Amino acid sequence: MRMQIKTLAVEDFPRCAELWDLKKQRTLAERFYSELQSGNRVTYVCEDEGVLLGEISLVFKMEESDYTIAGKRAYVSHLVVKKEHRRKGIGKALVEYVIEQAKQMGLRELTIGVDLDNYPALKLYTGAGFDRVLLIDEDKQGRYVKLMKPL
Ligand SMILES: CC(C)(COP(=O)(O)OP(=O)(O)OC[C@H]1O[C@@H](n2cnc3c(N)ncnc32)[C@H](O)[C@@H]1OP(=O)(O)O)[C@@H](O)C(=O)NCCC(=O)NCCS
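Residues numbered from 1 in each chain as written. Predicted model: local features only at pLDDT ≥ 70, side-chain atom pairs only at ≥ 80, totals over all residues.

Remarks on the nonpolar core
Formally: Here a nonpolar core is just a set of buried residues of the types Ala, Val, Leu, Ile, Met, Phe, Trp, Tyr and Cys, joined wherever their C-beta atoms sit within 7 Å. The exposure label follows from counting other C-beta atoms within 10 Å of a residue's C-beta, where the C-beta atoms are placed from the backbone and the thresholds are 20 or more for buried and 12 or fewer for exposed, leaving partly exposed in between. Each helix corresponds to a stretch of at least 4 residues labelled H or I by DSSP, and each strand to a stretch of at least 2 residues labelled E; elements are numbered beginning at the N terminus. Note on contacts: each residue gets a C-beta atom placed from the backbone, and two residues are in contact if those atoms are within 7 Å.
Of all hydrophobic cores here, the largest spans 25 residues; its most connected members are C46, I56, L58, V76, L94, V98 and I112. Of all elements in the fold, only β2 (41-48), β3 (51-59), β4 (73-81), α2 (90-104) and β5 (109-115) reach the threshold of two or more residues within this core. In contact with I112, other than residues within four places in its own chain, are V76, Y125, F130 and L147.

Examining the site of the ligand
Applied cut-off: In this entry, near means the residue's backbone-placed C-beta atom lies within 6 Å of the molecule or strand. Ten residues, namely Ala, Val, Leu, Ile, Met, Phe, Trp, Tyr, Cys and Pro, are considered nonpolar, four, namely Asp, Glu, Lys and Arg, are considered charged, and the remaining ones, Gly among them, are considered polar.
Inspection of the region around the ligand gives 18 residues, with R86, G91, K92, P120 and L124 positioned closest. Across the shell around the ligand, the residue classes tally to nine nonpolar, four polar and five charged.

Some thoughts on the sheet that holds strand β6 (residues 132-139)
We count it as follows: In this description, strands pair whenever DSSP reports at least two bridges between them. Each axis is a line fitted through C-alpha atoms, taken for helices only over the stretch in contact, and angles between the N-to-C directions span 0 to 180 degrees.
An order of β1-β2-β3-β4-β5-β7-β6 is seen for the seven strands of this open sheet, with the pairing classed as mixed. Here the strands that pair on one side only, and so sit at the sheet edges, are β1 (3-7) and β6. Across this sheet, the average inter-strand angle for adjacent strands is 25 degrees, counted without regard to direction.

Regarding unusual backbone geometry
Although it is not a glycine, E49 adopts a positive phi angle of roughly 45 degrees. Inspection of the secondary structure assignment puts E49 in the loop between β2 and β3. By the C-beta count within 10 Å, which is 8 here, E49 ends up exposed. Of note in this structure, R87 is not a glycine but carries a positive phi near 65 degrees. As for its position among the elements, R87 is in the loop between β4 and α2.

Some thoughts on the pairing of β2
Sheet analysis places β1 next to β2, joined by five bridges and oriented antiparallel. Among the inter-strand pairings, T7 is bridged to a residue of β2, identified as Y44. Relative to β3, β2 runs antiparallel, the two sharing eight bridges. By the bridge assignment, E47 is partnered in β3 with L52.

Examining the pairing of β5
The cut-off we apply is this: Handedness rule for crossovers: strands pointing away from the viewer, path from the first strand over the helix to the second running clockwise, crossover right-handed.
For β5, the buried fraction is high: five of the seven residues fall into the buried class. Bridge count between β4 and β5: three bridges; the pairing is parallel. Bridging from a neighbouring strand, A74 pairs with L110 of β5. Taken together, β4, α2 and β5 constitute a β-α-β crossover, and its handedness is right-handed. Pairing geometry for β5 and strand β7 (residues 142-150), over seven bridges, is antiparallel. Of the residues in β7, the one forming a bridge with T111 is M148.

Purely geometric numbers; function is a separate question.
The structure is reproduced here in structure tokens:
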């Protein structure tokens, strides 16, 4: 594999359909697209010879105020790796990449929200240093935790 991680150009957003169903998750897709256009979201993709294998994003201002602090704390959003390419280190590489990008931007903290029953994601994020618990709560999808990593 000749994997590389790069910033997704705003006009290439429809390519994310290779990774998740933009039509089924239309409201989410519309929000992500408008955030990309406004610069509130940056999406990084992992690709192998033009084929998308995974994505991850940074968001600078979230509605839930504990997730972001202007110039200091950003939120890591929508990490997804194509099913048939999981457990090959792609998720970890994307998380490490986003951490480096955030450091280069001068940010001091990253946050993430993870469902408490999402063991793979919890293991990946805690392993990458997201080990400060900001909050444990419950929403429509079930119990989740807000984690923070100092950079
Ligand atoms: C979570 C997800 C992104 C992980 O991606 P991945 O490319 O498979 O992860 P990696 O191969 O880089 O794994 C890194 C580490 O995470 C942990 N991990 C990942 N998947 C795991 C699993 N199924 N079971 C247990 N641990 C797992 C392991 O510690 C792993 O290290 P190891 O392989 O050396 O044991 C992927 O499972 C996914 O896309 N899930 C659906 C979307 C999702 O839940 N996103 C996160 C929302 S918060």
